[in-house]
Amino acid sequence: MPLYYDEDQAMLAESAQQFMAEEGAIAKQLRHWRDRDCKDGFGHGLWKQFAEMGFTGMLVDEDDGGLGMGHVEAGIVLEQIGRNLTPSPFLSSSVLAATALKHGSDDVRGRWLPGLIEGEKVYSVAIDEGAKHRPETIACKAEKSGNGFRLSGKKDFVVYGASSEMIVVAARTSGSDSDADGITLFAVPQDASGMSHDSVRLVDSSMASHVTFDGVELDGDAVIGEVDGGREVLNAMLMAGRVGAAAEGVGVAQGAMDMTVDYLKQRKQFGKLIGEFQALQHRAAHLYSEVEIARAVTIKAAQLLDGGSEKADLMASVAKAKVAKAAGLAVKEGVQMHGGIGMTDEYDIGLYMKRDRALQEFLGDQYYHAGRVAEMSGY
Amino acid sequence: MSDLESFRAETREWLEANCPPEMREAVRDEGDVYWGGRNAKFKNDAQKAWFEACRDKGYTVPEWPKEYGGAGLNPAEGKILRQEMARIGARPPLSSFGIWMLGPALLHFGTEGQKQRFLNEIANGEIRWCQGYSEPGSGSDLVSMQTFGEDKGDHWIVNGQKIWTSYADEADWIFCLVRTDKQNKYQGITFMLFDMAGEGVSTKPIKLISGNSPFCETFFDDVKVPKSYGEDIPAYVGEINRGWDVAKYLLGHEREMISGAGGGDRTAAIGAAMKRNAGELDPVLRAELAQFDVDALSYAAMGEKFLDELKVGKAHPAQPNMMKYVGTELNKRRHELMMAAGGSRALEWESEETSGGKPSRNWLRTKANSIEGGTSEVMLNVISKRILDLPGA
Ligand SMILES: Cc1cc2nc3c(=O)[nH]c(=O)nc-3n(C[C@H](O)[C@H](O)[C@H](O)COP(=O)(O)OP(=O)(O)OC[C@H]3O[C@@H](n4cnc5c(N)ncnc54)[C@H](O)[C@@H]3O)c2cc1C
Ligand SMILES: Cc1cc2nc3c(=O)[nH]c(=O)nc-3n(C[C@H](O)[C@H](O)[C@H](O)COP(=O)(O)OP(=O)(O)OC[C@H]3O[C@@H](n4cnc5c(N)ncnc54)[C@H](O)[C@@H]3O)c2cc1C
């Protein structure tokens, strides 16, 4: 398979680009909701439009009413989300939660998928327990209770958690905190009693919750997949989410770079366009190289994931780490090359820096993933 | 089974039958590389058998048309062959500037007669070529070159000097930039092809910091270059005084080759091998290796994407410059880390254990990667100008 978009994918890329540039634009979405101090942090109207575009259920199997597309396609949408800094539950709902739900029973899928596909409902995922992403250790407990389970513990960095109709929670049903086995995934509905959110605004204006589960009673049918067999589902979610976050990061990097290169062609100092200074040219050219490479490895990881390759896990980490480096460079160079105006809230380049920072942490930063690459490679 | 799947199966079978085990080991030194040419010698029977099997099948240049010595593979088949060769670690059967540089230029600009003759000679490993571009006063600013060919009707008399001419002392023929119009900087260069055995051509090897002497000063002293080698076989590529276009086109292919985009050692992760050699890794070195491996594996994906796009005309025409910049900087970093992991053993210049100082000599050799074929700074200039469209670049 060649490592570029086929015809259908190229068409999707074009329509996603156009759609997001119009409907998901910074002024229309990010600034709009931020400046109104919106508690959701995103627009439900746009989520409906995502559904009309066929985005919300793109990863869902056709038998379940979705489009049965793959991670290359999801990545195409995410790159445009990143480029426009569009606040959207797409990554949490349509990539992470949708991947979990794929492993659910007929009942679970029937209960949750239609609302997602129609853009009526928003879902999130609760994985992290602490300020850093360490999914190897899961302490949040679900104990057998009657026909169901009793969930207790805390989760962090649950993006859009307080606005979600359902949260996919990774909890321990047996073994000790750092065991690979003994994990179970639960679909926890918004109205579950004993669940509480401490919802906070993050640096990029998105909303995330610290969620507390205080003896939340769940039916047996809240289980997604097998009891104690959730690690496999969790890993599938993580791979999908990491590749998706990488794709969004590529968009952030590209957006920041485009703005900056444009600026170099407009701003004059010393009687010249600043883009004439070789000191800036070389840095811009280096940045271009890094962004191109970040995109290539992200598409590669998505292709491997779609093909069910054994290498997908490794390459998902490679992609997440590489994109973090490239996007981090793009936003830092972006602000620097803008000079003073780059430090102003009025100007968009700083918004890219903020979004990048949040995306860096989501599902593991570059240090976590580079470490993982070393471990998986045997050193 | 689809056509491609059956092609993969056939290829796997063919490689199994024809690629000797010795030819599946990593290339350790120059002697492991077969360059072809009039004076070529095989290092061993395995090298000979592998070369001949590939030559007969058109696999020294698999994607060239069959009539010019190739196998006429389409891009998808070519990719499968590369993948299957990489899978078993097969060495290239034949390496040459003819394959990487002159061949692509002839395929694009050559006459039918030139293609029939020169491409077949290259594919069959009969003639080894060298590249006469750089001069003492003209490196990055190549177009300022001065070597001059005086028009004598049916031939030129060429005088001047080239420098850094890789393997000039071992090559049979040279593709050479010669000024044929002193008034016209860009449109006064002719891209000539001539025999290094001719009267007036001499070479003087230059020793590199690695201790090896793979390149030379090349002197032209009243060298007579005929304008034609027979019907439809002019001694120049493209048109007279329009050699700069050919030169630039060829540089794109040279940069693509130096970039290592095709995979193999140049895009591989190294951390695991370093750990095997070093035992324990210092934690900070381990971290550096992990960062390197992230970059190397990402670059491998970029190489794959670049080549796939190139084959179908989707790649930006200046993209080889980006690939060369990143690939060579990465290779330098690779060898820095290999030296660090190797410790004092890697410092040995002549010992048996290091096969004659391989680690340190290879490390020093890689420093040329970001100079030869155009420096990293020049690559960044080209990206600024042609891809980013920055002003005044
Ligand atoms: C927080 C903050 C507080 C400030 N406080 C004050 C203050 O109190 N009083 C005051 O007078 N000013 C103040 N400034 C302004 C500050 O001094 C300028 O922002 C700074 O000098 C850069 O100028 P500029 O913003 O116009 O950027 P520009 O000069 O337009 O630079 C844009 C980019 O081009 C690069 N560039 C420009 N020329 C060249 C060149 N020749 N070669 C290579 N690269 C070049 C720059 O390095 C930069 O990356 C403040 C700025 C900030 C951000
Ligand atoms: C191992 C090796 C093999 C080679 N093989 C061949 C061969 O087979 N045939 C052949 O013709 N040539 C060959 N070369 C020559 C090679 O192409 C030149 O060395 C190269 O083009 C650089 O030219 P230069 O050495 O004159 O350096 P210079 O051009 O003098 O450069 C010196 C420094 O200045 C920098 N610089 C120059 N111009 C600019 C600019 N505009 N902006 C910013 N920085 C700039 C360069 O990047 C470099 O760092 C080989 C070189 C090496 C090292």
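Residues numbered from 1 in each chain as written. Chains lettered and ligands numbered in written order. Predicted model: local features only at pLDDT ≥ 70, side-chain atom pairs only at ≥ 80, totals over all residues. Heavy atoms only, no water.

## With respect to the site of ligand 1
All names here are of chain A. In the region of ligand 1, the neighbouring residues are Arg267, Gln269, Phe270, Ile274, Phe277, Leu280, Gln336, Met337, Gly339, Gly340 and Met343. Residue Gly340 places a main-chain N or O atom 2.6 Å away from an oxygen atom belonging to ligand 1. Here ligand 1 loses 42% of its free accessible area of 970 Å² to cover by the protein chains. (Near = heavy atom within 4 Å. Polar contact = N/O pair within 3.5 Å; in protein donor to acceptor, adjacent residues only side chain to side chain. Areas by Shrake-Rupley, 256 points an atom, 1.4 Å probe, with all protein chains shown as cover.)

## With respect to the domain arrangement of chain A
All names here are of chain A. When the domains of chain A are assigned, the result is domain 1 (7–121), domain 2 (125–228) and domain 3 (232–377). Using only C-alpha atoms to locate each centre, domain 2 and domain 3 end up separated by 30 Å. Each side of the interface is counted separately: domain 2 has 16 residues, and domain 3 has 15 residues. Interface area, domain 2 with domain 3, both sides summed: about 1,400 Å², of which 73% is carbon and sulfur. Of all residues in domain 2, His133, Phe157 and Asp204 give up the largest surface area on contact with domain 3, accounting jointly for 35% of the area buried on that side. Connecting domain 2 to domain 3 are three salt bridges. A salt bridge links Lys132 to Glu361; the shortest N-O distance between them is 3.0 Å. (Domains from an automatic or database assignment. Contact = heavy atoms within 4.5 Å. Buried area = accessible area lost by both parts, 1.4 Å probe. Salt bridge = Lys/Arg side-chain N within 4 Å of Asp/Glu carboxyl O.)

## Observations concerning the interface of chain A and chain B
Taken together, the 41 residues of chain A in the interface contact 40 residues of chain B. The largest share of the area that chain A buries against chain B comes from Tyr4, Tyr288 and Tyr379 of chain A, three residues that together contribute 22% of it. Linking Glu304 of chain B and Lys300 of chain A is a salt bridge whose minimum nitrogen-to-oxygen distance equals 2.9 Å. If you look at where chain A meets chain B, you find 19 residue pairs in polar contact (both at pLDDT 80 or more). Contributions of two or more residues to the side of chain A that touches chain B are made by α7 (230–264), α8 (278–306), α9 (312–338) and α11 (366–377) of chain A. Take the side of chain A that touches chain B: its biggest share by element is 14 residues, from α8 of chain A. A class-by-class count of the residues in the side of chain A that touches chain B yields 24 nonpolar, ten polar and seven charged. (Helix = DSSP H or I, 4+ residues; strand = E, 2+ residues; numbered from the N terminus. Nonpolar A, V, L, I, M, F, W, Y, C, P; charged D, E, K, R; others polar.)

## Here's the deal with the site of ligand 2
The full set close to ligand 2 counts 18 residues, and Ser134, Ser140, Trp164, Thr375 and Glu377 of chain B are the nearest of them. Taken together, the residues near ligand 2 originate from chains A and B. In the environment of ligand 2, a nitrogen atom lies 2.8 Å from a nitrogen or oxygen atom belonging to the backbone of Trp164 of chain B. Between an oxygen atom of ligand 2 and a side-chain N or O atom of Glu377 of chain B, the distance comes to 2.7 Å. In the complex, the protein chains occlude 68% of the 970 Å² of accessible area that ligand 2 would expose alone. Every element with two or more residues in the shell around ligand 2 is listed here: β3 (155–166) and α11 (376–387) of chain B. Counting residues per element, the shell around ligand 2 draws most heavily on β3 of chain B, at three residues. Tallied by class, residues from the shell around ligand 2 come to five nonpolar, ten polar and three charged.

## Section: the domain arrangement of chain B
Often, the extent of an interface is quoted as the loss of accessible area upon association of its parts. All names here are of chain B. For chain B, the assigned domains read domain 1 (3–95), domain 2 (127–242) and domain 3 (260–387). With centres defined by C-alpha atoms, the gap from domain 1 to domain 2 works out at 31 Å. At the junction of the two partners, domain 1 supplies six residues and domain 2 supplies seven residues. Taken together, the two surfaces of domain 1 and domain 2 that pack against each other cover about 540 Å², and 42% of this comes from carbon and sulfur. Contact with domain 2 buries surface across domain 1, with Trp35, Gly37 and Arg38 losing the most and accounting together for 80% of the total. Joining domain 1 to domain 2, the criterion identifies one salt bridge. With a shortest N-O distance of 2.8 Å, Asp195 and Arg38 are connected by a salt bridge. Run the count over domain 1 and domain 2 and you get two residue pairs in polar contact (both at pLDDT 80 or more). Here the side of domain 1 that touches domain 2 is built from residues that sort into one nonpolar, three polar and two charged.

## A few points about the packing of aromatic side chains
Each pair of aromatic rings is reported with the distance of its centres and the angle of its planes. Residues and elements named next belong to chain A. This structure, assessed with the given rule, holds 33 aromatic pairs over all chains. Between Phe19 and Phe50 the ring centres are 5.8 Å apart and the planes differ by 70 degrees, which places this aromatic pair in the edge-to-face class. One end of the pair, Phe19, is in helix α1 (residues 7–23); the other, Phe50, is in helix α3 (residues 44–53), and 31 residues separate them in sequence. Of the two residues, Phe19 and Phe50, both sit in the buried class. Here Phe42 and Tyr160 contribute two aromatic rings whose centre-to-centre distance is 4.9 Å and whose plane-to-plane angle is 70 degrees, an arrangement assigned as edge-to-face. (Phe/Tyr/Trp six-rings, centres within 6.5 Å; stacked < 30°, edge-to-face > 60°. Buried < 20%, exposed > 50% of the residue type's maximum accessible area, 1.4 Å probe, protein only.)

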